[in-house]
Amino acid sequence: MKIRVAGLFNRSITIELDNNKPYSMDKPCTYYLNGNKVKESDRNVNTIDGLTPDMDYMLKVCGEDFCEEISFHTKKELCCIDVRSIGAKGDGVSNDTAFLQAAIGACPEGGTVHITEGTYLSGPLFLKSNITIWLDEDAVLLGDPDRNHYPVLPGMVKEEYGFSKEISLASWEGNPISTFASLITGIGVSNVDFIGRGIIDGNAAASDWWDNVSKKRGAWRPKTVFLNSCSNIRFQGVTIKNSPSWTVHPYYSDKVSFYDMDITNPDNSPNTDGFDPESCTDVEIIGVRISVGDDCIAIKSGKMYMGINHNKPADNIVIRNCRLEHGHGSVTVGSEVASGVSRINISRCLFVETDRGLRIKTRRGRGERSVIDDVNLSDIRMENVRMPFTVNMFYFCDPDGHTSYVQDQEPRPVDERTPRIGRISVKNITCTGVNASLVCAYGLPERPIEELIFENIDAEFLPEAERKAECPIMMDGFEKMNGRSIYLRNAGKITINNVNIKGAANNALELINVADENIKGLSYA
């Protein structure tokens, strides 16, 4: 067993155990700091906090058959500012927005803003570069329920305002459209750490954010955390809940990391994705627990306008040792992917009671730059995930989603609007409680899915009496399925190696318009 430093901060460290167990181990390990026992945990990712800045430490982790040690030195801290010394009340009634923003603004580079025990009612706060924000245990940052207290960020600032080029300040579902500022907003900032065991509560249920969600009222709903054109941003330990819409939305940002966090929204809350890295590079989501009302993690790169005029692919995204539950998709790619998505690595995660496991969705009209490629899923355990693997190139989103152009199943000309799906690899997966289908993939007839790989998969369907028919993919005219094993239409190559399926309603591999079939091992029971 190896131990790895995932993230080192001024007052804490996040450790990741390198093993082949998804999310947690069979037995807990014991953590010793400078010889003193500090915690026991069976999880692969753990945070040790309560540390002193600029200090040497020795950490030992002992399990059933191993003991490993590492030494580390915490980051320096110039100063620490208690927000109460600035005037924040933390009583849950007084509006503390101005005092919290003043503490952030006054904090010098290398300093820490300390949000101590209490409930701080606040509107949107804007981050500043080169500081740490420490949301202490028993501290709650509570979103102001009055939408009139939320500034509106324009989707695009254009030349008529004196700029020589367009600058996107806000986004809504892949387009540069005005939205309310988020509770935590970062625009063009860098080198920010947000740490602690406290809670960021979007407080959406106390407002009207979840009412009449299909109508734009002044502006579109805020996220809880929005990071626009940022770099070197790290979140560690905090809980984020009750988001008005998407919970954490990194947008056109680089080197953003999230460690050992909890994200929780009610399972019926609308559009409350957990993470939506959009047109971002070098993203880490490590040891995060997510239970939400929409996709747990959704990787995006904008719609056609952004793909043409502000092209930035989503690239090099790592999702590891996470627990993803109660969402529509555990990890989704799309459908707003006009700039493309590549090098996605999802491993050692636990998917629990989501509708779909790996969910890939696109459609005609996303554009020729919309290339989804090098998506890798490995060492995953799925429990009661009804449709573990879906790929859909006929996704019926947007106002034109039901038009013949999008939904026509006959070949269309390949042009500047045609998307592409390259290689998708799925290996070392265990699935229990499968319902509609194990694999359902439907490519475009004019541009088939290029390559699908399924290796070392053990899947067990629900008993027939417990299953129900449902549509694995959202496209017009597609039939419901019940207990179907592998359905693939319009693909270049499929590899199936050591795939074992138990309890399916059909023992037939359904491959339609697939050019190259490489079947090395497929068994049914």
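Further up the page is the structure itself.
Attention here is on the structure that accompanies the text. (Residues numbered from 1 in each chain as written. Predicted model: local features only at pLDDT ≥ 70, side-chain atom pairs only at ≥ 80, totals over all residues. Heavy atoms only, no water.)

### Considering the overall build of the protein chain
Worth spelling out the cut-off: What counts as a helix is a DSSP run of H or I of at least four residues, what counts as a strand is a run of E of at least two, and both are numbered from the N terminus. Each residue is placed in one exposure class: buried if its accessible area under a 1.4 Å probe, protein chains only, is under 20% of its type's maximum, exposed if it is over 50%, and partly exposed if it falls in between. Note on contacts: a residue pair is in contact if any heavy atoms of the two residues lie within 4.5 Å. The Shrake-Rupley method, run with a 1.4 Å probe, gives the accessible areas here. Residue values count only the displayed protein chains as cover. We treat Lys and Arg as the positive residues and Asp and Glu as the negative residues; His and chain ends play no part in the count. One atom stands in for each charge, and that atom is NZ of Lys, CZ of Arg, CG of Asp or CD of Glu.
When its secondary structure is counted, the protein chain shows four helices and 45 strands. With the C-alpha coordinates of the protein chain rotated into their principal frame, the extents come out at 70 × 65 × 40 Å. Here the protein chain holds 525 residues, and 59% of them are scored as buried. For the protein chain, the share of sequence-separated contacts (at least 6 apart) that also reach a separation of at least 24 residues comes to 72%. Accessible area of the protein chain: about 19,300 Å², with a carbon and sulfur share of 46%. A distance of 2 Å separates the average location of the 57 positive side-chain charges in the protein chain from that of its 72 negative side-chain charges.

### Let's talk about the pairing of strand β42 (residues 449-461)
Worth spelling out the cut-off: Paired strands, in this sense, are two strands between which DSSP finds at least two bridges.
In this structure, strand β40 (residues 423-434) lies alongside β42, joined through 10 bridges in parallel fashion. Bridge pairing links Arg423 to Glu451 in β42. Pairing between β42 and strand β43 (residues 484-502): 10 bridges, direction parallel. Residue pairing in the sheet places Glu455 in a bridge with Asn497 of β43.

### Description of the side chain of Asp201
Condition: A side-chain nitrogen of Lys or Arg and a carboxyl oxygen of Asp or Glu constitute a salt bridge if their distance falls within 4 Å.
Summarising the element assignment, Asp201 is placed in strand β21 (residues 199-201). It is Lys241 that comes nearest to the buried, bridge-free Asp201 among opposite-charge side chains, at 4.3 Å. Residues within four places of Asp201 in sequence aside, it is in contact with Val140, Leu141, Leu142, Gly143, Leu183, Lys241 and Asn242.

### Considerations on helix α2 (residues 97-106)
In plain terms, the rule: In this context, the arc is that of the directions from the helix axis out to the C-beta atoms.
Within α2, burial applies to Thr97, Leu100, Ala103 and Ile104. For α2, the angular spread of buried residues about the axis comes to 135°, placing them on one side. Facing away from the buried side of α2, by more than 90 degrees, are the exposed residues Ala98 and Ala106.

### Details of the sheet that holds strand β6 (residues 56-62)
Within a beta sheet, neighbouring strands are joined by backbone hydrogen bonds and run either parallel or antiparallel to one another. Under the convention used in this document: Axis definition: a line fitted to C-alpha atoms, over the contacting stretch in the case of helices. Angles run 0 to 180 degrees between N-to-C directions.
Spatial strand order, β4-β3-β6-β7: four strands in an open sheet with antiparallel pairing. Across the chains shown, the open sheet's two edge strands, defined by having one partner strand only, are β4 (36-43) and β7 (67-73). Neighbour-to-neighbour, the strand axes of the sheet open up by a mean angle of 25°, direction not taken into account. Looking at chain direction, strand β3 (residues 24-33) and β6 are connected through four bridges and run antiparallel. Counterpart to Leu33 in the pairing with β6 is Leu59.

### Some points on the packing of aromatic side chains
Where two aromatic rings form a pair, the distance of their centres and the angle of their planes describe that pair. Going by this rule: Here the aromatic set is Phe, Tyr and Trp, taking the six-membered ring for Trp, and pairing holds for ring centres within 6.5 Å; pairs whose planes are under 30 degrees apart are stacked, those over 60 apart are edge-to-face, and all others are tilted. Note on criteria: charge over ring means Lys NZ or Arg CZ within 6 Å of the ring centre, with the direction from the centre no more than 35 degrees off the ring normal.
Under the definition given, this model contains 15 aromatic pairs. With centroids separated by 5.4 Å and ring planes inclined at 65°, the aromatic side chains of Phe180 and Trp209 adopt a geometry described as edge-to-face. Here the residue Phe180 occupies a position in strand β18 (residues 179-180), and Trp209 occupies one in the loop between β21 and β22 (225-228), the gap between them amounting to 29 residues. Here Phe180 and Trp209 have matching classes, each one buried. Ring centres of Phe478 and Tyr487 lie 5.8 Å apart, and the angle between their planes is 75°; this geometry places the pair in the edge-to-face category. Exposure class is identical for Phe478 and Tyr487. Each is buried. Taken together, Phe194, Phe235, Phe258 and Phe275 form an aromatic cluster joined through their ring pairs. A cation sits over an aromatic face here: Lys89 above Phe99, 5.3 Å from the ring centre.

### Some points on the state of the cysteines
Any covalent bond linking the sulfur atoms of two cysteines counts as a disulfide. For clarity, the cut-off: Any two cysteine sulfur atoms within 2.5 Å of one another count as a disulfide.
For the structure on display, the rule yields one disulfide. Across a sulfur-sulfur distance of 2.0 Å, Cys62 and Cys67 are joined as a disulfide pair. Residues Cys62 and Cys67 are joined by a disulfide whose S-S torsion is about 115°; by sign, that bridge is right-handed. We classify Cys62 as buried; its relative accessible area is 14%.

### Regarding the sheet that holds strand β12 (residues 125-126)
Pairing is parallel in the open sheet, where four strands are placed in the order β12-β19-β22-β25. Each edge of the sheet is formed by a strand with only one pairing partner; in this case those strands are β12 and β25 (248-251). Relative to β22, strand β19 (residues 184-187) runs parallel, the two sharing four bridges. For Thr185, the partnering residue across the bridge sits in β22 and is Phe226.

### Structural notes on the pairing of strand β33 (residues 329-333)
Burial analysis of β33 places five of its five residues in the buried class, the great majority of the element. Note: β33 against strand β36 (residues 356-361), four bridges, orientation parallel. Note on β36: the bridge partner recorded for Gly329 is Arg356.

### What about unusual backbone geometry?
Here the amide bond leading from Gly334 into Ser335 is cis, since omega sits at 0°, within 30 degrees of zero. Among the secondary structure elements, Ser335 is positioned in the loop between β33 and β34 (341-347). Positioned with a positive phi, Asn212 is a non-glycine residue whose angle comes to about 50°. With respect to the secondary-structure elements, Asn212 resides in the loop between β21 and β22.

### What about the environment of Lys303?
As a reminder, the rule being used: Between N or O atoms, a polar contact is any pair within 3.5 Å; within protein, one atom must be a potential hydrogen donor and the other a potential acceptor, and residues adjacent in sequence are included only when both atoms are from side chains.
Checked against the element boundaries, Lys303 lands in the loop between β30 (297-299) and α3 (304-309). The spacing of Lys303 and Arg366 is 63 residues in sequence and 6.3 Å in space, taken between C-alpha atoms. Of the polar contacts made by the side chain of Lys303, one reaches the backbone oxygen of Glu173; its length is 3.2 Å.

### Brief notes about the environment of Val5
Residue position: Val5 is located in strand β1 (residues 2-8). Overall, the relative accessible area of 34% leaves Val5 in the partly exposed class. In the structure, Val5 is positioned 10 residues away from Ile15 in sequence and 4.8 Å away in space, judged by C-alpha atoms. Here Val5 is in contact with Ile13, Thr14, Ile15 and Ile70, once residues within four sequence places are set aside.

### Describing the environment of Lys158
Along the chain, Lys158 falls in the loop between β16 (156-157) and β17 (167-168). Note on Lys158: relative accessible area 36%, which makes it partly exposed. It is 8.7 Å that separates the C-alpha atoms of Lys158 and Ser168, two residues lying 10 residues apart in sequence.

Just geometry here; none of it tells us what the structure is for.
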